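Single-letter residue listing:
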Amino acid sequence: MPLAQYADPWQKMPMKEEAEGGAGSTEDMLVDDNEEKQDQEHNVTEYEIISVAAEGVVGKEKASPSQFELLKVLGQGSFGKVFLVRKIHGHDAGTLYAMKVLKKATLKVRDRMRTKMERDILVDVNHPFIVKLHYAFQTEGKLYLILDFLRGGDLFTRLSKEVMFTEEDVKFYLAELALALDHLHSLGIIYRDLKPENILLDADGHIKLTDFGLSKEAIEDKKAYSFCGTVEYMAPEVVNRRGHNHTADWWSYGVLMFEMLTGALPFQGQNRKDTMTMILKAKLGMPQFLSPEAQSLLRMLFKRNPQNRLGAGPDGVEEIKRHNFFASIDWEKLLKKQVPPPFKPAVTRDEDAFYFDTEFTSRTPRDSPGVPPSATAHELFRGFSFVAPCLLDEVTQGQAQQLDKVKEIQRRPLGKTTAFTDEYEIKEDIGLGSYSICKRCLHKSSGQEYAVKIIDRTKRDPAEEIEILLRYGNHPNIITLRDVYEAGNQVYLVTELMKGGELLDKILRQKFFSEREASAALQTITSAVDFLHKKGVVHRDLKPSNILYADDSGSPESLRICDFGFAKQLRAENGLLMTPCYTANFVAPEVLKRQGYDAACDIWSLGVLLYTMLSGRTPFAHGPNDTPSDILGRIGEGRFSLEGGNWDSVSPLAKEIVRLMLHVDPHKRPTASQVLNHRWISQRETLSSDHLKLSHQDIRQVKGAMAATYSALNTSPKMTLDHIGASKLAQRRGVKKLGSTAL
């Protein structure tokens, strides 16, 4: 669970300033003092497990730290850590949870109250889109909350990678969120800390609202006056401290909507004071690329008078659900989780934590002893212990099936719990990339040869690559992922071994190559690319070294597309990628110009490959003496020749398809399906079977051109995929992601 409130959220605004703001701003401290006085008056000692749950009696099962195996660190804040743990005893043995551990001695009075409030709220709520509390217990020095482990990470991470979402994505997340907030409001709870960091994704991609440390419970018709939350998401009535109720959450809901749709915040100044002034007075700048329905909903949520805000009326959330922006939502199906999410996290085994910051997951999990707090502080947490009622009874048939499912997942080939070197013997290097090294490896028990790609997670997050290979590696011409292992900052991807070498090397070694052979090879590769594009995936790095033969047969059927390190999953039909990457000669001009690009980039790269197969040379680098500016200039302008040399023997149809695939305008390039339907491929039997002669001079030119192209790109500014902390979203926060928000 996120630790936002335990990372000193008011470090930029000292408590002195809050006190000067008037009586309303001191509400937290007044509540803290009153609660401590009540604790002293009652003088009640704590029992290990007592009846504290409204849903059932607690006391039949004892929970303690010894019942949980520490697997990974998921996050860390000022006052504690969040671990991924596995239950090792009881009815739910084998189940994975997130364990939030807080040190009592480091919690100030205000933080103790908020921790207790969070625990009380989690006991009360029961909703499909709110994180579930399974256990709460304490030791002399620490507090423990055992929560759902949500494998998909948070929306912050996803938004940091993708900059903005499509309206359909946003509609789905906002709809589920609206139902979660309505449930809280129906219980008299104001959430007060809505932001992407506090919205998690489960294994199927559904949201779960988490982190209730700043929430306010049982206010009924009264107002709260605390100045709390994340400033950029605060409603005007929270900023001016005139009192707020649940309608403040709908303002924050609008801020979140704006951020997901645009990649920016609606109100953000140079500093905290400027931001608050903008929230109170600034005019909303509405991006015109948003649909009329989205603009309308935003305007109705951004009403500075809370009484006029959508969701504040007598119908509450029904006002929001009736808005035209949600016209396509079936709310009953949504509540039952019958609407498929736009993004489903892919994991190889249950305990994978690819969607969490490697700064934490690479650490060794340790739950160090806590320093005992003062007697008064310990008494404050009387009644803290809790066991979810569903865990107190005998194992039901459904629970048994769930445990069987967990065990079955752990038995799958991709559910390894052993170390990579326990099962494989590493052999020689077979490839080297910017963020990884590829080696041949031998499976110890079977003797079977495989390839292992070893990725440094401090340089690149492999989650997207793993997801794509898991989902689409069953295609006959896409490399198959066999196993995934983690060891600190290294991730091991075990794949089938490509024994036939690179496509282009094989062609050049032949010296003679016919158009029919080139057509068959291009058809096989383009069919795989077409499959990916129809699934919303672009490869973005289709250079010759990533197109290999699985065996020595030389058959087109044995070709595989490999290395999905730069691949990206799209959702919008015309969605443009926001993180440009490029490789050597196989670079579309719009990528060099740092513009967004889509699947047409892959077609452009295939065009470069086809050009080289037919001519024995690359289109934009002519030899080792080319300067970097020469090569990059030709790439940017799309200047290439189809005359002279081998081109004199190439058919007009072949030249036509090359010209189409290398068109500078991505909108004028054919799609993968259109390439497959081009007569040069669909009517291959009509092509000449005469062989094109590839001279030794051509081979040297190709190798020299490749070297010059790599050199040109090495001397040009790099466009790399940075760590999440380097994203504009993380920089805008002014803090490193997950440093104060875990889970």
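Residues numbered from 1 in each chain as written. Predicted model: local features only at pLDDT ≥ 70, side-chain atom pairs only at ≥ 80, totals over all residues. Heavy atoms only, no water.

### So, the overall build of the protein
Working step 1: Counting its secondary structure elements, the protein contains 26 helices and 20 strands.
Working step 2: When the 743 residues of the protein are sorted by exposure, 57% land in the buried category.
Working step 3: Contacts in the protein between residues at least 24 apart in sequence constitute 71% of all its contacts with a sequence separation of at least 6.
Working step 4: Of the roughly 30,900 Å² of accessible surface on the protein, a fraction of 49% belongs to carbon and sulfur atoms. (Helix = DSSP H or I, 4+ residues; strand = E, 2+ residues; numbered from the N terminus. Buried < 20%, exposed > 50% of the residue type's maximum accessible area, 1.4 Å probe, protein only. Contact = heavy atoms within 4.5 Å. Areas by Shrake-Rupley, 256 points an atom, 1.4 Å probe, with all protein chains shown as cover.)

### Notes on unusual backbone geometry
Working step 1: The phi torsion at R241 lies on the positive side, around 60 degrees, for a residue other than glycine.
Working step 2: Position of R241 relative to the elements: it lies in the loop between α6 (236-239) and α7 (247-262).
Working step 3: Overall, the relative accessible area of 18% leaves R241 in the buried class.
Working step 4: Phi angles above zero are rare outside glycine, and D563 is one such case at about 55 degrees.

### Some remarks on the sheet that holds strand β17 (residues 547-549)
Working step 1: Here three strands make up an open sheet; going across it, the order is β14-β17-β18 and the pairing antiparallel. Single-partner strands in this sheet number two, and they are β14 (501-502) and β18 (559-561).
Working step 2: Judged from the three bridges that link them, β17 and β18 form a sheet pairing that is antiparallel. Each residue of the ladder has a partner; that of L548, found in β18, is R560.
Working step 3: Contacts between helix α18 (residues 515-534) and the sheet are confined to β17 and β18, with β18 contributing the most and set at about 35 degrees to the helix. (Pairing = 2+ DSSP bridges. Axes fitted to C-alpha atoms, helices over the stretch in contact; angles between N-to-C directions.)

### Let's talk about the packing of helix α20 (residues 600-615) against helix α22 (residues 652-661)
Working step 1: The N-to-C vectors of α20 and α22 enclose an angle of 145 degrees; their axes lie 8 Å apart at closest approach. Relative to α22, α20 is oriented so that their crossing is left-handed. Residues I603, W604, L606, G607, L610, Y611 and L614 of α20 touch α22, and the partners they reach there are A654, I657, V658 and M661.
Working step 2: Among the residues forming the contact of α20 with α22, the class breakdown is 10 nonpolar, one polar and no charged. (Left-handed = near helix turned anticlockwise from the far one by under 90°. Nonpolar A, V, L, I, M, F, W, Y, C, P; charged D, E, K, R; others polar.)

### Regarding the pattern of salt bridges
Working step 1: Scanning all chains against the criterion turns up 26 salt bridges.
Working step 2: Where salt bridges share partners, they join E428, R440, E449 and K499 into one cluster. (Salt bridge = Lys/Arg side-chain N within 4 Å of Asp/Glu carboxyl O.)

### Observations regarding the sheet that holds strand β9 (residues 424-432)
Working step 1: One open sheet holds the five strands; their spatial order is β9-β10-β11-β13-β12, and the pairing between them is antiparallel. Unpaired on one side and paired on the other, β9 and β12 (481-487) mark the two borders of the sheet. The average undirected angle you get between the axes of adjacent strands in this sheet is 25 degrees.
Working step 2: In the sheet, β9 pairs with strand β10 (residues 436-443) via six bridges, with the strands oriented antiparallel. Following the sheet pairing, Y424 is matched in β10 by H443.
Working step 3: Contacts from helix α16 (residues 463-472) reach β11 (449-456), β12 and β13 (490-495) within the one sheet, and its direction differs from that of β12 by about 155 degrees.

### What about the nonpolar core?
Working step 1: Formed by 140 residues in total, the largest nonpolar core has its most connected members in L209, Y253, M257, F326, L503 and W680.
Working step 2: Tallying contributions element by element places helix α5 (residues 167-186) first for this core, with 11 residues.
Working step 3: If we ignore the near neighbours within four places in the chain, the residues touching L503 are A521, I525, I547, L548, Y549, L559, L609 and M613.
Working step 4: Counting residues in hydrophobic clusters, the runner-up holds 14 residues, among them V73, F137, Y144 and I146. (Core = buried A, V, L, I, M, F, W, Y, C linked by side-chain atoms within 4.5 Å.)

### Details of α18
Working step 1: With 20 residues, α18 extends 27 Å from end C-alpha to end C-alpha; this agrees with the ideal 28 Å at 1.5 Å per step.
Working step 2: With 14 of its 20 residues buried, α18 lies for the most part within the structure.
Working step 3: In the stretch just after α18, G536 is the one whose phi turns positive, near 80 degrees. (Expected span 1.5 Å × (residues − 1).)

### Quick word on empty space enclosed by the protein
Working step 1: Taken as a whole and assessed by the stated rule, the structure comprises four cavities of 30 Å³ or more.
Working step 2: Around the second largest cavity, the lining comprises 15 residues; the ones closest to its centre are R192, C228, Y233, M234 and S252.
Working step 3: Sort the elements by how many residues they give to the lining of the second largest cavity and α7 lands first, with three residues.
Working step 4: Taken together, the residues of the lining of the second largest cavity sort by class into seven nonpolar, four polar and four charged. (1 Å grid on protein atoms, 1.4 Å probe; cavity = no way out; pocket = protein on both sides within 12 Å on 5 of 7 lines; lining within 4 Å. Points joined across faces, edges and corners; volume = space filled by probe spheres on them.)

### A look at the UniProt feature "active site" (unreviewed entry) in the protein
Working step 1: Here the UniProt feature "active site" (unreviewed entry) sits at D193 and D541. Lining the second largest cavity, from the residues just named, are D193.
Working step 2: Tracing the sequence through the fold places D193 in the loop between α5 and β6 (199-201).
Working step 3: Mapped onto the secondary structure, D541 falls in the loop between β16 (537-538) and β17. (UniProt positions renumbered as here; feature names shortened; annotations may be inferred.)

### Quick look at the environment of K100
Working step 1: Turning to its location among the elements, K100 is positioned in strand β3 (residues 96-103).
Working step 2: Each C-alpha atom, one on K100 and one on L84, is 9.0 Å from the other, the two residues being 16 residues apart in sequence.
Working step 3: Within polar-contact distance, the side chain of K100 engages the side chain of E118 at 3.2 Å. (Polar contact = N/O pair within 3.5 Å; in protein donor to acceptor, adjacent residues only side chain to side chain.)

### Notes on the packing of aromatic side chains
Working step 1: Scanning all chains against the criterion turns up 25 aromatic pairs.
Working step 2: Measuring from ring centre to ring centre gives 5.8 Å for F267 and F302, while their planes differ by 80 degrees; the resulting arrangement is edge-to-face. Of the two residues, F267 sits in the loop between α7 and α8 (272-281) while F302 sits in the loop between α9 (292-301) and α10 (317-321), which places them 35 residues apart along the sequence.
Working step 3: Under the relative-accessibility criterion, F267 is labelled buried at 2%.
Working step 4: Given a relative accessible area of 10%, F302 falls into the buried group.
Working step 5: When the ring of Y435 is compared with that of F566, the centres are 6.4 Å apart and the planes differ by 65 degrees; the resulting orientation is edge-to-face. Within this pair, whereas Y435 is found in the loop between β9 and β10, its partner F566 is found in the loop between β18 and β19 (568-569), the two being separated by 131 residues in sequence. F566 shares its class with Y435; the two are buried.
Working step 6: Following the ring pairs from residue to residue traces out a cluster consisting of F68, Y97, Y135, F137 and Y144. (Phe/Tyr/Trp six-rings, centres within 6.5 Å; stacked < 30°, edge-to-face > 60°.)

### Digging into the environment of L662
Working step 1: Checked against the element boundaries, L662 lands in the loop between α22 and α23 (672-677).
Working step 2: On the basis of relative accessible area, L662 is assigned to the buried category, the value being 1%.
Working step 3: Counting along the chain gives 24 residues from L662 to G638, while the straight-line C-alpha distance between them is 7.3 Å.
Working step 4: Every residue in contact with L662, bar those within four places of it in the chain, is listed here: W604, G607, V608, Y611 and F640.

### Side note on the side chain of E319
Working step 1: Tracing the sequence through the fold places E319 in helix α10.
Working step 2: No salt bridge is formed by the buried E319. Its closest oppositely charged neighbour is R322, at 5.4 Å.
Working step 3: When near neighbours in sequence (up to four residues on either side) are disregarded, E319 contacts R309, L310, G311, A312, G313 and P314. (Lys, Arg positive; Asp, Glu negative; His and termini not counted.)

### Looking at the state of the cysteines
Note on terminology: disulfide describes a covalent bond linking the sulfur atoms of two cysteines.
Working step 1: Applying the stated criterion across every chain yields a total of zero disulfides.
Working step 2: The thiol of C441 is unpaired, and the distance to the nearest cysteine sulfur, on C438, comes to 8.5 Å.
Working step 3: C441 gets classed as buried once you look at its relative accessible area, which sits at 0%.
Working step 4: No disulfide involves C562; its nearest neighbouring cysteine sulfur is the one of C438, lying 8.7 Å away.
Working step 5: Relative accessible area serves as the criterion here: at 7%, C562 is assigned to the buried category. (Disulfide = S-S within 2.5 Å.)

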